[in-house]
Structures are given as C-alpha cells and as structure tokens.
Amino acid sequence: MKVITLPIRGLDCAECAGHVKQALESVPGVAEVDVLLSSQKTRIRFDPAQTGLPAIRRAVELAGYSLELPETDGGAAAPLGAFGRRILTLFGAVFGIVLFVVVVGEWLGLFEAATQGVPWPAWLVIILLGGYPIFTKVVKAALGGRVISHTLMTLGVVAAVAVGEWPAADIVVFFMRLGE
C-alpha cells in the first residue's frame, strides 16, 4: 500500500470534504481516505497495482474539485520565504484598496450615479462574464444535490440584481473571484 497527501483546490466546507471523500473511496484500490478541510488536503492510502494518480485525480474532478499532483522531479517544495511575504503583502494592499474604493464610492454616492449612468444590460454582461466560472460550479453542485460556499454568494448576486443594485452585484462577483 502507498500513502500520499495531496492538496485539493475548491474545498470550502465540511460537505465539500464529504463529497471528495466519497468520490475517492469509490476508486478501486483506494483503501483509506482522510480529507483535511482546514488544510485543504487529502491523505489517501491505496494499492498502486490497482489504481494510480490519474484515476484519483479524475475522481476528485468529477466531484467538482481540483487536485494538485506532486512534482515528478522529486525535488522538495521551497518554503514561502521573502517572495511569499511580498505576494501576501501585495494581496493585502490590493484587498485594502478595493475595500477603500467600495466604502468611499458608497459614501460619496458614486455607485448610485453609476447605476443610473450605465444601462442594465452592460451591468449584466459584466456580472455574467466575471462570475461565469463560479456560477457554473454552483449550478453543477446544485444539480448534484450539493451546496457549496459560493452558492450563498451567488444568491446574493441574484438578489442584488433583482433589486437593481448592479454595483453591489459586481462587487460580490469580484470578491467571489478573488477568493477562488
């Protein structure tokens, strides 16, 4: 038996972890699966004679998530170090600027002016183009009888559109994409 730990993208809630575990347990040759939600990883014990990483990846993708397979060169991953801190600092700065613009834009009435100045079809195109990848995941999850973390945010976008709050819907889509 072989044991491997792999990162999973898109693992947002306990129900998501359960779906991944169920999908992996259905792969022939997989003996044991632990899905670690907090670290977004899975630990799999399997028989390499019966299954391999491609089948494991396919099962995770069919469940609606993506699996990061290990590098084949055998090299160890380098720690984040200074480069990682710079990226995180840049991310924090961008997040802060966007949040500042949103607060100031609402306070000065810029969103109200934008809502009246831009026709609704243009807003709708921006929302659909920006949120398309996430909206498709939400629809696939709903068709599979699952609720994912973006489901509630998608309902927020629909509610904002229903009451004509186009900038609010755009902001929610922006943050949905940022967190993906």
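Just so we're clear, the structure is a prediction, and the values are computed from it rather than from any experiment.

Engineer: Would you mind going over helix α2 (residues 53-62) with me for this structure?
Structural biologist: Because an α-helix completes one turn every 3.6 residues, residues spaced three or four positions apart along the sequence face the same direction. All of the buried residues along α2 are I56, A59 and V60. Down the axis, α2 shows its buried residues gathered within 95° of arc, on one side only. Across from the buried face of α2, at angles greater than 90 degrees, the exposed residues are P54 and L62. Of the residues trailing α2, G64 is marked for its positive phi of about 105°.

Engineer: I tried to follow a nonpolar patch on the surface on my own but got confused; where do I start?
Structural biologist: Together, F95, L99 and V103 line one region of the surface with nonpolar side chains, adding up to about 260 Å² of accessible area. Considering the arrangement of structural elements, one finds V103 in helix α3 (residues 81-107). Judged by relative accessible area, V103 falls into the exposed class, the value being 51%.

Engineer: Just checking my understanding: could you explain the side chain of D170 for this structure?
Structural biologist: Examined against the element boundaries, D170 turns out to sit in helix α7 (residues 166-178). Among buried Asp, Glu, Lys and Arg side chains, D170 stands out as unpaired, with R177 the closest opposite charge at 11 Å. Setting aside its immediate chain neighbours within four residues, D170 contacts W123, I126 and I127.

Engineer: For this particular structure, what's the right way to read the confidence of the model for the protein?
Structural biologist: Regions with low pLDDT carry predicted coordinates that are not meant to be interpreted in detail. The predicted model of the protein has a mean per-residue pLDDT of 83, with 91% of residues at 70 or higher. Per-residue pLDDT stays below 50 along residues 73-77; that stretch engages in 0 contacts with residues further than four places along the chain or on separate chains.

Engineer: How should I be thinking about the pairing of strand β3 (residues 41-46) in this particular structure?
Structural biologist: Successive side chains on a regular strand alternate, one facing one side of the sheet and the next facing the other. Of the two faces of β3, only one is covered, namely that formed by T42, I44 and F46; the face formed by K41, R43 and R45 stays uncovered. Pairing of strand β1 (residues 2-9) with β3, which is carried by 6 bridges, proceeds in the antiparallel orientation. Note that in β3 the partner of L6 across the bridge is T42. Bridging between strand β2 (residues 30-36) and β3 involves 6 bridges; their strand directions are antiparallel. Bridging across to β3, L36 finds its partner in K41. The antiparallel hairpin formed by β2 and β3 contains 4 residues in its connecting segment, where Q40 sits at a positive phi of about 55°.

Engineer: What's the story with the sheet that holds β2 in this structure? I'm lost.
Structural biologist: Adjacent strands of a sheet pair through backbone hydrogen bonds, lying either parallel or antiparallel. With respect to topology, 4 strands assemble into an open sheet ordered β2-β3-β1-β4, the strand pairing being antiparallel. Two strands bound the open sheet, and with one partner strand each, they are β2 and β4 (66-67). On top of the sheet, helix α1 (residues 14-25) reaches β1, β2 and β3; it is set at about 165° to β2, its chief contact.

Engineer: Got a minute to help me understand the side chain of T154 in this structure?
Structural biologist: With respect to the helices and strands, T154 occurs in helix α6 (residues 149-162). Those residues in contact with T154 that lie beyond four places of it in its chain are F135, V138 and M176.

Engineer: What is the right way to read the packing of aromatic side chains from this model?
Structural biologist: How two aromatic rings sit relative to each other is given by the distance of their centres and the angle of their planes. Taken as a whole, this structure holds 3 aromatic pairs when the rule is applied. The interplanar angle of 25° and the centroid separation of 6.4 Å between the aromatic rings of W120 and W166 together place this pair among those described as stacked. Placement of W120 in helix α5 (residues 120-143) and of W166 in helix α7 is noted, with a sequence separation of 46 residues between them. Since its relative accessible area comes to 52%, W120 is described here as exposed. Ring geometry for F174 versus F175: centroids 5.3 Å apart, planes at 75°, classification edge-to-face. What makes F174 partly exposed here is its relative accessible area of 36%. In this structure F175 comes out as partly exposed when scored by relative accessible area, which is 23%. Members of the aromatic cluster, each reached through a chain of ring pairs, are F95, F174 and F175.

Basis of the calculations
Residues numbered from 1 in each chain as written. Predicted model: local features only at pLDDT ≥ 70, side-chain atom pairs only at ≥ 80, totals over all residues. Heavy atoms only, no water. Buried < 20%, exposed > 50% of the residue type's maximum accessible area, 1.4 Å probe, protein only. Helix = DSSP H or I, 4+ residues; strand = E, 2+ residues; numbered from the N terminus. Arc of directions from axis to C-beta. Patch = residues over 30% accessible without salt bridge, like charges linked within 9 Å, V, L, I, M, F, W, Y side chains within 5 Å. Areas by Shrake-Rupley, 256 points an atom, 1.4 Å probe, with all protein chains shown as cover. Salt bridge = Lys/Arg side-chain N within 4 Å of Asp/Glu carboxyl O. Lys, Arg positive; Asp, Glu negative; His and termini not counted. Contact = heavy atoms within 4.5 Å. pLDDT = per-residue confidence, 0-100. Pairing = 2+ DSSP bridges. Axes fitted to C-alpha atoms, helices over the stretch in contact; angles between N-to-C directions. Phe/Tyr/Trp six-rings, centres within 6.5 Å; stacked < 30°, edge-to-face > 60°.

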